Amino acid sequence: MQLQHFATVAAKRKTLWTSYATRLKPLTGVALVDVDVEHTVPFNCVVHIPDRDRVFRELRRRGIGAGVHYPPNHTQPAFQAWNRPLPVTEESGRHLMSLPFHPAMSDDDVRHVVSVLAHALPQEDACGAC
């Protein structure tokens, strides 16, 4: 049933991701985890962000459904037998956060999420134009 809507949903997800990419660009310290939006359909919108845990709590407090979806695999119980220090992966994992990303969202929703994010960032990382 959903397959018949694939083209519409794919186009919406690409548009939504592009809107995030454009609006996040002015935010100092925020790096969008890039995808090849021309050749893939983005599933989510992940950012690398300073002081992620504090920013995450502030977004949630303000009603923004941010998430932390990608802890480093090697730190998960299922992989404990193969656990070894991977400091770069572990450091990066402490900064990744997913922003709301659903085809029902509008450009105004993206604008609102990015505005709240800009105000939640540490002052030295905030956008001067926000």
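Below, the structure is looked at part by part.

1. Thoughts on the sheet that holds strand β1 (residues 31-32)
Alright, step 1. Strand order in the open sheet formed by three strands is β1-β2-β3, with antiparallel pairing between adjacent strands. Either end of the sheet is taken by a strand with one partner, and the two such strands are β1 and β3 (96-99).

2. Details of the side chain of H74
Alright, step 1. If you trace the backbone, H74 turns up in the loop between α2 (52-61) and α3 (87-93).
Alright, step 2. What makes H74 buried here is its relative accessible area of 10%.
Alright, step 3. Separated by 2.7 Å, the side chains of H74 and E90 make a polar contact.
Alright, step 4. Apart from residues lying up to four places away in sequence, H74 is in contact with F79, N83, R84, L86, T89 and E90.

3. Notes on the packing of α2 against helix α4 (residues 107-120)
Alright, step 1. The interhelical angle for the contact between α2 and α4, taken along N-to-C directions, is 130°, at an axis separation of 9 Å. Put simply, α2 runs oblique to α4. When you trace α2 past α4, the crossing you get is right-handed. Taken together, the residues of α4 that come into contact with α2 (itself represented by R54, V55, E58 and L59) are V116, L117 and A120.

4. Quick notes on unusual backbone geometry
Alright, step 1. The backbone phi angle of D51 is positive, close to 50°, even though this residue is not glycine.
Alright, step 2. For D51, a relative accessible area of 38% corresponds to the partly exposed category.

5. Remarks on α2
Alright, step 1. For α2, the complete set of buried residues consists of R52, V55 and L59. Buried residues along α2 cover an arc of 70° about the axis, so they all sit on one side. Away from the buried face of α2 by more than 90 degrees, exposed residues R57 and R61 are located.
Alright, step 2. Packed against the buried residues of α2 are α3, β3 and α4.
Alright, step 3. Phi turns positive one or two residues past the end of α2, at G63, with a value near 85°.

6. Thoughts on the nonpolar core
Alright, step 1. In terms of nonpolar packing, the biggest core is built from 26 residues, with Y20, L24, L59, M97, L99 and L117 touching the most fellow members.
Alright, step 2. Breaking this core down by element, the ones donating at least two residues are α1 (6-24), β2 (45-48), α2, β3 and α4.
Alright, step 3. When residues in this core are grouped by element, the largest group, seven residues, is from α4.

7. Some words on the packing of aromatic side chains
Working definition: an aromatic ring pair is given by the centre-to-centre distance plus the angle between the planes.
Alright, step 1. Summed over all chains, the structure comprises two aromatic pairs.
Alright, step 2. Consider the rings of F79 and W82, whose centres lie 6.4 Å apart with planes at 55°: the pair is tilted.

8. Focus on the pattern of salt bridges
Alright, step 1. Counting across every chain of the model gives seven salt bridges.
Alright, step 2. Salt-bridge contacts for D53 lead to R52; the nearest nitrogen and oxygen are separated by 2.8 Å.
Alright, step 3. Exposure remark for D53: the relative accessible area of 41% places this residue in the partly exposed category.
Alright, step 4. Since its relative accessible area comes to 9%, R52 is described here as buried.
Alright, step 5. We note a salt bridge from R111 to D108, for which the minimum N-O separation is 2.3 Å. Of this pair, R111 and D108 both sit in helix α4, three residues apart, roughly one helical turn.
Alright, step 6. One salt-bridge network, held together by shared partners, links R23, D107, D108 and R111.

Here is what the cut-offs are and how they apply
- Residues numbered from 1 in each chain as written.
- Predicted model: local features only at pLDDT ≥ 70, side-chain atom pairs only at ≥ 80, totals over all residues.
- Heavy atoms only, no water.
- Pairing = 2+ DSSP bridges.
- Helix = DSSP H or I, 4+ residues; strand = E, 2+ residues; numbered from the N terminus.
- Buried < 20%, exposed > 50% of the residue type's maximum accessible area, 1.4 Å probe, protein only.
- Polar contact = N/O pair within 3.5 Å; in protein donor to acceptor, adjacent residues only side chain to side chain.
- Contact = heavy atoms within 4.5 Å.
- Axes fitted to C-alpha atoms, helices over the stretch in contact; angles between N-to-C directions.
- Parallel < 35°, antiparallel > 145°, perpendicular 65-115°, else oblique.
- Left-handed = near helix turned anticlockwise from the far one by under 90°.
- Arc of directions from axis to C-beta.
- Core = buried A, V, L, I, M, F, W, Y, C linked by side-chain atoms within 4.5 Å.
- Phe/Tyr/Trp six-rings, centres within 6.5 Å; stacked < 30°, edge-to-face > 60°.
- Salt bridge = Lys/Arg side-chain N within 4 Å of Asp/Glu carboxyl O.

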